[in-house]
Amino acid sequence: MAYEDIKVEVENQNILIITIDRPKVYNALRTNTLKEIAEVLTTSSDDIRCVILTGGNKVFAAGADINELEVKGAIESINDVRTSYWETIKEFKKPIIAAVNGFCLGGGCELAMHCDIIISGDSAQFGQPEINLGIMPGAGGTQRTVRAMGKSNTMLALLTGSFMDAKTAQKRNLVSEVVPVETTMIRSLEIARIIASKSPFAVSAIKSAVLASYDNGLNASLKYEKTLFSGTLASVDKKEGIKAFKEKRKPNFKGQ
């Protein structure tokens, strides 16, 4: 099957590799990108034992598609079909490894956190810079980040919009391993092959058990985050933030 935003291949008949392929926009995640990822996971063969999600050697995903974000308001956000795509990725029964190089920001960072293991090249930059656009993370960024990094580090990252290099992200427990950029996929494949050699039943049970603990109280928090995020999309500051981004200038936020 041909896809617009991703490339799909199978390694050794049991490892599914999904590569985000929108290089002209730094792999920005538009609705169709998430739709295609969700479709591939949903229709994947029963033979698949592990998935690797990557953006290639230069960038994982630099954030949400700014043009879609610009026209999205509060009502559109609450009824957004993307929520179902995020849920499909989260609920996938088999392990997903994020192989991250370059920018992994905003929605890209949230996508990586939807995965079960993050292997990072030493070139990677992680962050949730939504505040620079006058909005906030809306796909789990406030909830999954704090579960990984703790309150203080999460507040620092989200309230400043600052980036973390790969080693810092690892120290803050966001990343599993940091490797040279040219070996990111090699190491991810090594781990995927190990997982693929284990009992599928045991692997599925372990993932389910870990997520049950990890998600305790998460669903309610995600709904609350969604409500808040939708409110920021209706703000004057959001319009100014995106306008300033496109005009390559500093935003003049009014708190409205």
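In the block above lies the structure referred to throughout.
Residues numbered from 1 in each chain as written. Predicted model: local features only at pLDDT ≥ 70, side-chain atom pairs only at ≥ 80, totals over all residues. Heavy atoms only, no water.

## Topic: the overall build of the chain
Argument step 1. Each helix and strand counted, the chain has twelve helices and nine strands in total.
Argument step 2. Over its C-alpha atoms the chain spans a radius of gyration of 18 Å, differing by no more than 12% from the 18 Å that the globule rule assigns to 256 residues.
Argument step 3. Across its three principal directions, the C-alpha atoms of the chain cover 55 × 40 × 35 Å.
Argument step 4. When contacts within the chain are restricted to residue pairs at least 6 apart in sequence, those whose partners lie at least 24 apart make up 72%.
Argument step 5. When the accessible surface of the chain is summed, it comes to about 12,600 Å², and 56% of that surface belongs to carbon and sulfur atoms.
Argument step 6. Charged side chains of the chain number 32 positive and 29 negative; the gap between the two group centres comes to 4 Å. (Helix = DSSP H or I, 4+ residues; strand = E, 2+ residues; numbered from the N terminus. Rg over C-alpha atoms; globule rule 2.2 N^0.38 Å. Contact = heavy atoms within 4.5 Å. Areas by Shrake-Rupley, 256 points an atom, 1.4 Å probe, with all protein chains shown as cover. Lys, Arg positive; Asp, Glu negative; His and termini not counted. Charge placed at Lys NZ, Arg CZ, Asp CG, Glu CD.)

## Concerning helix α5 (residues 107–114)
Argument step 1. Among the eight residues in α5, eight count as buried, and that is most of the element.
Argument step 2. Residues of α5 that are buried include every one of Gly107, Gly108, Cys109, Glu110, Leu111, Ala112, Met113 and His114, and no others. (Buried < 20%, exposed > 50% of the residue type's maximum accessible area, 1.4 Å probe, protein only.)

## Some points on helix α6 (residues 141–149)
Argument step 1. Of the residues making up α6, those classed as buried are Gly141, Thr142, Gln143, Arg144, Thr145 and Met149.
Argument step 2. Buried positions along α6 lie against α4 (82–91), α5, α7 (151–160), β8 (164–165), α10 (200–214) and α11 (218–233).
Argument step 3. Directly beyond the C-terminal end of α6, a positive phi value near 90° is found at Gly150.

## Digging into a nonpolar patch on the surface
Argument step 1. On the surface, a cluster of nonpolar side chains totalling about 320 Å² of accessible area is made up of Tyr26, Phe103 and Phe163.
Argument step 2. Along the polypeptide, Phe163 turns up in the loop between α7 and β8.
Argument step 3. Judged by relative accessible area, Phe163 falls into the partly exposed class, the value being 41%. (Patch = residues over 30% accessible without salt bridge, like charges linked within 9 Å, V, L, I, M, F, W, Y side chains within 5 Å. Salt bridge = Lys/Arg side-chain N within 4 Å of Asp/Glu carboxyl O.)

## Quick word on the packing of aromatic side chains
Argument step 1. Within this structure, the stated rule accounts for one aromatic pair.
Argument step 2. Ring centres 6.2 Å apart and planes at 70° place the aromatic pair Phe103 and Phe163 in the edge-to-face group. Here Phe103, found in strand β5 (residues 103–105), pairs with Phe163, found in the loop between α7 and β8; they are 60 residues apart in sequence, far enough to count as distant.
Argument step 3. Judged by its relative accessible area of 36%, Phe103 falls in the partly exposed class. (Phe/Tyr/Trp six-rings, centres within 6.5 Å; stacked < 30°, edge-to-face > 60°.)

## Re the sheet that holds strand β1 (residues 6–11)
Argument step 1. Taken together, six strands build an open sheet; the order of strands is β1-β2-β3-β4-β6-β9 and the sheet is mixed. Among the strands making up the open sheet, the edge pair consists of β1 and β9 (177–179). On average, adjacent strands in this sheet sit at an angle of 20° to one another, irrespective of strand direction.
Argument step 2. For strand β4 (residues 96–100) and strand β6 (residues 117–121), the ladder comprises four bridges, and the chain directions are parallel. Bridge pairing in β6 places Ala98 opposite Ile118. (Pairing = 2+ DSSP bridges. Axes fitted to C-alpha atoms, helices over the stretch in contact; angles between N-to-C directions.)

## So, the state of the cysteines
Argument step 1. Applying the stated criterion to the full structure yields zero disulfides.
Argument step 2. In this structure Cys50 is a free cysteine whose sulfur lies 10 Å from that of Cys115, the closest cysteine sulfur available.
Argument step 3. You can call Cys50 buried: its relative accessible area is 0%.
Argument step 4. In this structure Cys109 is not part of a disulfide, and its nearest cysteine sulfur, from Cys104, lies 4.7 Å away. (Disulfide = S-S within 2.5 Å.)

## Observations regarding the pattern of salt bridges
Argument step 1. One pass over the full model with this rule turns up eleven salt bridges.
Argument step 2. Arg193 is the salt-bridge partner of Glu11, the closest N and O atoms lying 2.8 Å from each other. Within this pair, whereas Glu11 is found in strand β1, its partner Arg193 is found in helix α9 (residues 184–196), the two being separated by 182 residues in sequence.
Argument step 3. A salt bridge links Lys90 to Glu91; the nearest nitrogen and oxygen atoms lie 2.8 Å apart.
Argument step 4. By relative accessible area, Lys90 is classed as buried at 9%.

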